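Here's the letter readout for the chains.
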Amino acid sequence: MKMATFCEVLGQLYQKVLGGAPLDGAVQDYAFYLNPAFSDPLCSISPTFEWSSSEHVQGNRKPSSVKLTAIPDMPVFVESRARVSSAREMILLQLTVMKTIITRTASLHPDSHAKEKYREIIQMLLQSAEIDSKMICMFQNPDKLLSHMASQCLALLLYFQLREKIPLSNSWITFCRKTLSEYPETDAVIHCLWTLTAVIKEIFKDTYPQKAEILEQFLTPFDTTLEVFYSSILSQHCENYQDSSKIINSLIYLLELLELLVASRSFQELHLKSQRIVFLKPCILSVLAWPVQAFVKRKLIIFIKKCLIQKVGEDLCRGPVPASVAPDSLLDMDTLALAEAVLHAVHLGLLKKFSVPGKRSCFGGDEVQPGLGRTSGPDLVILRAASLLTVKSLELKFQNSTSANEMRADLQRFMSKLLAFLKPQLQPGLQEHNPCEWLSRVFIEQDDDMLEAAKASLGIYLKLTRVCDANEHGTQEKETWTRHTHENGYNPHCVFLFFSRSIGFDCTVLLDFLISSETCFLEYFVRYLKLLQKDWDNFFAVCKFFDASECHSQVPSWIQDRSTKLTAPHCLSASQSHSRASSSEVLRPADDSPEPLAQAVTTHTRTHPSWASRSLVAYDNSDDSEAESTDQYLAHSKQTSLPQEAVKKIQDLTGRSRDANGRSLETQSKLLVLKESDTPSSLDCVLEVGTFYRIARCFEELQHAIYRLQKRNLFPYNPAALLRLLKHIEDMYNKM
């Protein structure tokens, strides 16, 4: 039979299957046209491509029921297929039609009669033509496109067998075991890994309810073999290979497979070693020190990060995991083991081995095309992942620790290593007096990672606070403990204030985070609000330091000169790590006696009697809300005691813009008020509308917004508990 006839039949078959049309011919005839022909046992393509009787299926039966029919409006590419003279393109056309038929068997579009005919064709190929063996044979073909198409077809054939409850062929199981066990002697390992990965992806994408059973049936024959291959490839050394591309490609495919294996734990507890191998044998961390390309390290460190925060495979599974699926009882224990391995690697100098090149990170590589230029700056992907790895690993370890001294020592050791790793990479550098800034600086472009790191940092603080409160009761011990939180960059109030400042204290951003399910902000925010109720005084103290630092950096020099003799009050002495190199803490005279925290709060409250009268207002719509907010702001501005000419002079010197009414646009969000007095004990600089006020105002507006949405049944969940927390914060604020 001539090749042109085959091409024409396959073209018409492709058009029918693509449209979901039923097939009229016999199943054996269609299987005949889809069966690839080779001229020798090594699967070399026949140059003449003439079919002999040995290539027929079902007892050498020649096709008779498949008739050529004219197809109106046939696309040009199908007509050109009929004139093709290349045996290679004929094989590619057969594989394409075969892929389409298998895909249609799982589709909802074709009618049941057509789908049944498609199933029968594939079953005939599997039974009579040993099609899977031919696909495996084509892996060795030097034609990359042909071998890749064979891998795709084989993956779909394997998934078809799993769905139809057909036992996997011995040829595939034997090939896979032999290939993985004999690495690195064989070159077919990439095709083997890719096929395994493709089959698991098909299982994840499908809506078939018995995913767990299919996964177990597919993975069980290779469970031990995958463990052997994992140990074998990680015992290699990249520098020992003249052609490192082989091991790099194998690593990439292995990482994809490992991610799917870890993600499969969400379906059912299958108790397979291959699903836990990353946790039980975390030697894959050694790849981070290998002399490999940066994209390999990025892929690996992001994978480890997802394992620690238990978000592996979130973008791979279609639909939620059924509620009836029991959680993996070993997952928490395995995650802790991985966290301890990460901390051990950091202790041995893992962060120092990271290469963070100061050039643009490009999709698909690190090189920039000529003429486009380069942008300086570190690889933020590496910085973010390394930071989150360290902080999350500490949190997981501390959850299972009870010794306060051990936890403090670990925290200081690892956080000092992390801060030392980050400081040279961030330009401008971190503030010496405020190392808590690192989190918002590193994660500014990645909201989900920022909130994961903030939640982990908060978890560390809460755990240490519980342990320290149980063992230490003295004022000096508590001040030392508070200073420790600032020096090591995990004070929760500083972290939250830096985050709030990065979003401009905008309640709409917080509302977006609360509504979205893409981040852990809801969990983090609720835990922080609960802490804020108990730690109000420390929060207020940190706000004052933020204001003092901001005042020193923004007011004119003639004001800064007057403040050089001032130091921080005693209520902030526990946070003095925020003010080491600064003489700008313009909160009280240096020769004053220490001021108790309660007195400082009372003094600050007396300065602002108008705050106590603020209350929630129920708005009918957002326009009313904006009008009310503007009126309240103007009324509040009129109550300030600062001479207008002093304000004008400050605004002119700092170069702030003004709106049509002559008011400073900067002032609308951050009003600097200078209070003058002749007595030496007066405050030289007070941010009346400073950080404390802006946070309280942000919480108030957020409460209004949530309440309005809840009233109209537009909030995605019940926010009653969240509203109670915000209301309690408002009550505490109004009492000051």
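Remember, it's a predicted structure, so these values are computed and weren't measured experimentally.

How would you summarise the overall build of the protein chain if you had to cite specific residues and measurements?
Secondary structure assignment for the protein chain yields 32 helices and four strands. Looking at the protein chain residue by residue over its 736 residues, the buried ones come to 53%. Considering only contacts within the protein chain whose residues lie at least 6 apart along the sequence, 75% involve residues at least 24 apart. As presented, the protein chain carries roughly 33,600 Å² of accessible surface, and 51% of it is formed by carbon and sulfur atoms.

Give a description of the packing of aromatic side chains that names residues and reports values.
Scanning the model with the defined rule gives 25 aromatic pairs in all. Plain terms: the ring middles of Phe521 and Tyr524 are 6.4 Å apart, the flat faces sit at 55 degrees to each other, and that makes the pair tilted. Within this pair, Phe521 and its partner Tyr524 are both found in helix H24 (residues 521-534), separated by three residues, close to a single helical turn. Summarising the burial analysis for this pair, Phe521 and Tyr524 share the class buried. A centroid spacing of 5.1 Å and a plane angle of 80 degrees characterise the contact between Phe540 and Phe692, whose relative ring orientation is edge-to-face.

Could you give an account of unusual backbone geometry, naming the residues involved and the relevant values?
Although it is not a glycine, Phe505 sits at a positive phi angle of roughly 55 degrees. Along the chain, Phe505 turns up in the loop between helix H22 (492-502) and helix H23 (507-515).

Outline the pattern of salt bridges, listing residues and values.
Tallied over the full model, the rule gives 21 salt bridges. The partner of Lys455 in a salt bridge is Glu523, with the nearest N and O atoms 3.3 Å apart. Here Glu523 lies in helix H24 and Lys455 lies in helix H20 (residues 447-471), a separation of 68 residues in the sequence. For Lys455, a relative accessible area of 10% corresponds to the buried category. Look at Glu523 and you get partly exposed, because its relative accessible area is 41%. Between Glu701 and Arg697 there is a salt bridge whose closest N-O contact spans 3.1 Å. Within this pair, Glu701 and its partner Arg697 are both found in helix H31 (residues 691-711), separated by four residues, close to a single helical turn. Classification of Arg697 by relative accessible area gives buried; the value is 12%. When salt bridges with common partners are traced through the structure, they connect Glu116, Arg119 and Glu164 into a single cluster.

Break down the packing of helix H4 (residues 87-105) against helix H7 (residues 144-163) for me, citing the residues and quoting the values.
Between H4 and H7, whose axes approach to 10 Å, the crossing angle comes to 25 degrees. Classified by the angle between their axes, H4 and H7 sit roughly parallel to one another. Classified by chirality, the crossing of H7 by H4 is left-handed. Here H4 contributes Arg88, Ile91, Leu92, Leu95, Thr96, Met98, Lys99, Ile102, Thr103 and Thr105 to the contact with H7, which in turn contributes Leu145, Leu146, Met149, Ala150, Gln152, Cys153, Leu156, Leu157 and Phe160.

Could you give an account of H24, with specific residues and numbers?
An ideal rise of 1.5 Å per residue puts 20 Å on 14 residues; H24 measures up with 20 Å between its terminal C-alpha atoms. Among the residues of H24, Phe521, Tyr524, Phe525, Tyr528, Leu529, Leu531 and Leu532 are the ones counted as buried. The arc that holds the buried residues of H24, viewed along the axis, is 165 degrees, so those residues lie on one side.

Talk me through the packing of helix H6 (residues 131-138) against helix H8 (residues 170-181); I want residue IDs and the actual numbers.
Interaxial distance between H6 and H8 falls to 8 Å at its minimum, and their mutual angle equals 30 degrees. When the interaxial angle is binned, H6 and H8 end up roughly parallel. Across the interface between the two elements, Asp132, Ser133 and Ile136 from H6 touch Ser171, Trp172 and Phe175 from H8. Taken together, the residues of the contact of H6 with H8 sort by class into three nonpolar, two polar and one charged.

Explain the side chain of Asn491 to me, using residue names and the numbers behind them.
Topologically, Asn491 is positioned in the loop between helix H21 (475-487) and H22. Engagement of the side chain of Asn491 in a polar contact is seen with the backbone nitrogen of His493, the distance being 3.1 Å. Apart from residues lying up to four places away in sequence, Asn491 is in contact with Cys436, Thr485, His486 and Val542.

Could you give an account of helix H14 (residues 294-308), naming the residues involved and the relevant values?
Compared with the 21 Å implied by 1.5 Å per residue over 15 residues, the 21 Å span of H14 between its first and last C-alpha is a close match. Burial of H14 is extensive: 11 of the 15 residues sit out of reach of the surface. Residues of H14 that are buried include every one of Ala294, Val296, Lys297, Arg298, Leu300, Ile301, Phe303, Ile304, Lys305, Cys307 and Leu308, and no others. Backbone geometry just after H14 places Gln310 at a positive phi near 55 degrees.

If you had to explain the side chain of Asp206 to someone new, which residues and values would you point to?
Examined against the element boundaries, Asp206 turns out to sit in the loop between helix H9 (189-205) and helix H10 (211-219). Taking relative accessible area as the criterion, Asp206 reaches 13% and is therefore assigned buried. Side-chain polar atoms of Asp206 contact the side chain of Tyr159, separated by 2.4 Å. Not counting chain neighbours up to four residues away, the residues in contact with Asp206 comprise Tyr159, Arg163 and Lys211.

Explain the environment of Gly313 residue by residue, including any values.
Examined against the element boundaries, Gly313 turns out to sit in the loop between H14 and helix H15 (331-347). Apart from residues no more than four positions distant in its own chain, Gly313 is found in contact with Glu259 and Ala263.

Now, about the environment of Leu154: what can you tell me, with residues and values included?
Position of Leu154 relative to the elements: it lies in helix H7. For Leu154, a relative accessible area of 0% gives the class buried. Spatially, the C-alpha atom of Leu154 lies 7.6 Å from that of Ile136, the residues being 18 residues apart in sequence. Each residue touching Leu154, except ones within four places of it in the same chain, is listed here: Asp132, Met135, Ile136, Phe139, Trp172 and Thr195.

Go over the confidence of the model for the protein chain, please, and point to the residues and values.
Counting all residues, the mean pLDDT for the protein chain is 74, and 66% of those residues have values of 70 or more. Here residues 47-60 is modelled with pLDDT under 50, and outside its nearest four sequence neighbours on either side it reaches 37 contacts, counting other chains as well. Of the regions scoring below 50 in pLDDT, residues 554-687 engages in 205 contacts with residues more than four places distant in sequence or in other chains.

Scoring rules and cut-offs
Residues numbered from 1 in each chain as written. Predicted model: local features only at pLDDT ≥ 70, side-chain atom pairs only at ≥ 80, totals over all residues. Heavy atoms only, no water. Helix = DSSP H or I, 4+ residues; strand = E, 2+ residues; numbered from the N terminus. Buried < 20%, exposed > 50% of the residue type's maximum accessible area, 1.4 Å probe, protein only. Contact = heavy atoms within 4.5 Å. Areas by Shrake-Rupley, 256 points an atom, 1.4 Å probe, with all protein chains shown as cover. Phe/Tyr/Trp six-rings, centres within 6.5 Å; stacked < 30°, edge-to-face > 60°. Salt bridge = Lys/Arg side-chain N within 4 Å of Asp/Glu carboxyl O. Axes fitted to C-alpha atoms, helices over the stretch in contact; angles between N-to-C directions. Parallel < 35°, antiparallel > 145°, perpendicular 65-115°, else oblique. Left-handed = near helix turned anticlockwise from the far one by under 90°. Expected span 1.5 Å × (residues − 1). Arc of directions from axis to C-beta. Nonpolar A, V, L, I, M, F, W, Y, C, P; charged D, E, K, R; others polar. Polar contact = N/O pair within 3.5 Å; in protein donor to acceptor, adjacent residues only side chain to side chain. pLDDT = per-residue confidence, 0-100.

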